[in-house]
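Chain by chain, the residues:
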Amino acid sequence: MFINHSAARSKVRLSLVLFACLFLPSQTAPAQETWPRFRGADATGVVPNDARLPDSWDREKNVRWCTNIPGWGWGSPIAWGDRVFVSAVINDDEYKRPQAGLGHPQQLPVGPDESPTTVHHWMVYCLSLKTGDVLWKHEAHAGVPKVPRHRKSTYASETPTTDGKRLYVLFGDLGLYCYDFDGNPLWQHEIEPKETLTNYGAAASPVVLGEQVIFIYDNEEASYIAAIDGATGRMQWKKPRDEVSTWSTPFVWTHAGRTEIVTTGFKANRSYAPDGKLLWHFDGRMTAICTPSPFAVDGLLYLTSGSGGGGVRPMFAIRPGATGDITLIDDATTNDFIKWSLTKVGPYTRSPIVYRGLLYAARGHTISCFDARTGERHFRKRFPTGISFVASPWAYNGKVFCLDEHGVTHVIPVGTEFKVERTNRLDELSMATPCISLGILLIRTAANVYCISTQK
């Protein structure tokens, strides 16, 4: 997902087993078998060690296949068995091609100031993970968009999700669409478009909780969180949110005590029960634009935001079991449920990653590393000028991978000392977070999906 802006809100306000056998190496840890949502099954972006996953590639090296995807989309690919799903929107005419850059008006000459007037086609594609062949495609909707979008974003910036039985594709200002794995439409839930901050549009991805599909639509008019029955498309519940525009994907947090749905927000960070009841909340003094998604590792929940303006950029580590208001009092940095908190460290658009006890957060053209249990910072390093990141990092085999907007992946060995071991170049505009399944890394660029693996 992608949103980028530097002004503060006060100024803006504005069948799986058989397929697995084909690829199973003789001696490895258990492989990542599915990638059913943004940042994977557990939303962390980390997978077990796997000899099939390389740390070196380019447009030919370790590339098993490369498939062109017509149209624009920054949603991640997702994978289940031999199925890879990806969405895109095709325009009958050219309209504001997404561009790399930090998002300032002087850097990006086009802005979200007007809606297109030409017909767009909202598309869903299914590829074979084994071969890259397009197994099916379907046009979910055709028409003229009713809202503009951010200058760097697309009308397909949400990542689809699946429960292994059905595919759920959210186009945030348009609707939620459900398909079976053969591409047959099952149902659709229309979404009434609302005004978002400076007309940036929507981008938060849906998530699955049991038989429900959960999505949030935070905007400037009437924000809400909703649950749709996955089998029928009927609304199960819908709760208003006293919130303004955000772009952070909800996180389903299951721990010893319960299952909850965690969301971030400019006004409050919140957790909901599976029936939509509010469990806990706190004013995190979040930045004007909330984009990074919550996630949990080793019993701690991590929340952050880091848009420009004010220099606050908070980050929190939360213990399970909270109820009610857990807002920090005055200048406190901890309480019974907030294990630690920091200011001026949160990433902007990309979500952090916790790997082997270390938390990595990339912002702009810098990357910081912290102790995940204490929040102590080990380093903050700057990449060369001109490098910036939208895609969230991922990790395996003792390495952290950061994909920049120009399609260059920076490979960083895990540890408290900063080092870029190598760079892997695709040299294509890249803002989508990759997908990993069955020993295969899928990187989506502006034009293609690359299948990367050491096994041919």
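Coordinates for the structure precede this section.
First things first, this report covers the structure right here in the doc. Everything quoted here is computed from the prediction, not taken from an experiment.

Our next topic: unusual backbone geometry. Notably, asparagine 199 is not glycine yet its phi reads approximately 60 degrees, a positive angle. Phi is positive for lysine 344, which is not a glycine, with a value near 65 degrees. Taking the relative accessible area as the measure of exposure, lysine 344 reaches 54% and is therefore exposed.

Turning next to the sheet that holds strand β21 (residues 315-318). The antiparallel open sheet is built from four strands, whose spatial order is β19-β20-β21-β23. The open sheet has two edge strands with one neighbour each: β19 (295-297) and β23 (338-342). Here the average twist between neighbouring strands, direction ignored, is 20 degrees.

For the rest of this paragraph, the subject is the sheet that holds strand β31 (residues 422-425). On the basis of which strands lie adjacent, the open sheet formed by four strands has the order β28-β29-β30-β31 and antiparallel pairing. Looking along the sheet, the strands with just one partner apiece sit at the ends: β28 (394-396) and β31. The mean angle between the axes of side-by-side strands here comes to 25 degrees, regardless of whether they run parallel or antiparallel. Taken together, the three bridges between β28 and strand β29 (residues 399-403) define a ladder with antiparallel strand orientation. Each bridged residue has a counterpart across the sheet, and for tyrosine 396 the counterpart in β29 is lysine 399.

Our next topic: the side chain of serine 248. With respect to the helices and strands, the residue serine 248 is situated in the loop between β14 (235-240) and β15 (251-254). We classify serine 248 as buried; its relative accessible area is 2%. Among the polar contacts listed, one links the side chain of serine 248 to the side chain of threonine 264, at a separation of 3.2 Å. A polar contact of 2.9 Å, which involves the side chain of serine 248, links it to the backbone oxygen of proline 292. Once residues lying within four places of it in the same chain are set aside, the contact partners of serine 248 are Ala204, Ile216, Thr264, Cys290, Thr291, Pro292, Ser293 and Pro294.

Once that is clear, we can look at the pattern of salt bridges. Should their charged atoms come close, side chains of opposite charge can pair. Using the criterion set out here, one finds 17 salt bridges in the structure. Put simply, aspartate 50 and arginine 52 hold a salt bridge, and the shortest N to O gap is 2.7 Å. Considered together, aspartate 50 and arginine 52 belong to a single accessibility category, that of buried residues. Ionic pairing is found between aspartate 182 and arginine 83, a salt bridge with its closest N-O pair at 3.9 Å. Placement of aspartate 182 in the loop between β9 (175-179) and β10 (185-190) and of arginine 83 in strand β4 (residues 83-91) is noted, with a sequence separation of 99 residues between them. Salt bridges sharing common partners tie together Asp55, Lys399, Glu421 and Arg422.

Reading the values: rules and limits
Residues numbered from 1 in each chain as written. Predicted model: local features only at pLDDT ≥ 70, side-chain atom pairs only at ≥ 80, totals over all residues. Heavy atoms only, no water. Buried < 20%, exposed > 50% of the residue type's maximum accessible area, 1.4 Å probe, protein only. Pairing = 2+ DSSP bridges. Helix = DSSP H or I, 4+ residues; strand = E, 2+ residues; numbered from the N terminus. Axes fitted to C-alpha atoms, helices over the stretch in contact; angles between N-to-C directions. Polar contact = N/O pair within 3.5 Å; in protein donor to acceptor, adjacent residues only side chain to side chain. Contact = heavy atoms within 4.5 Å. Salt bridge = Lys/Arg side-chain N within 4 Å of Asp/Glu carboxyl O.

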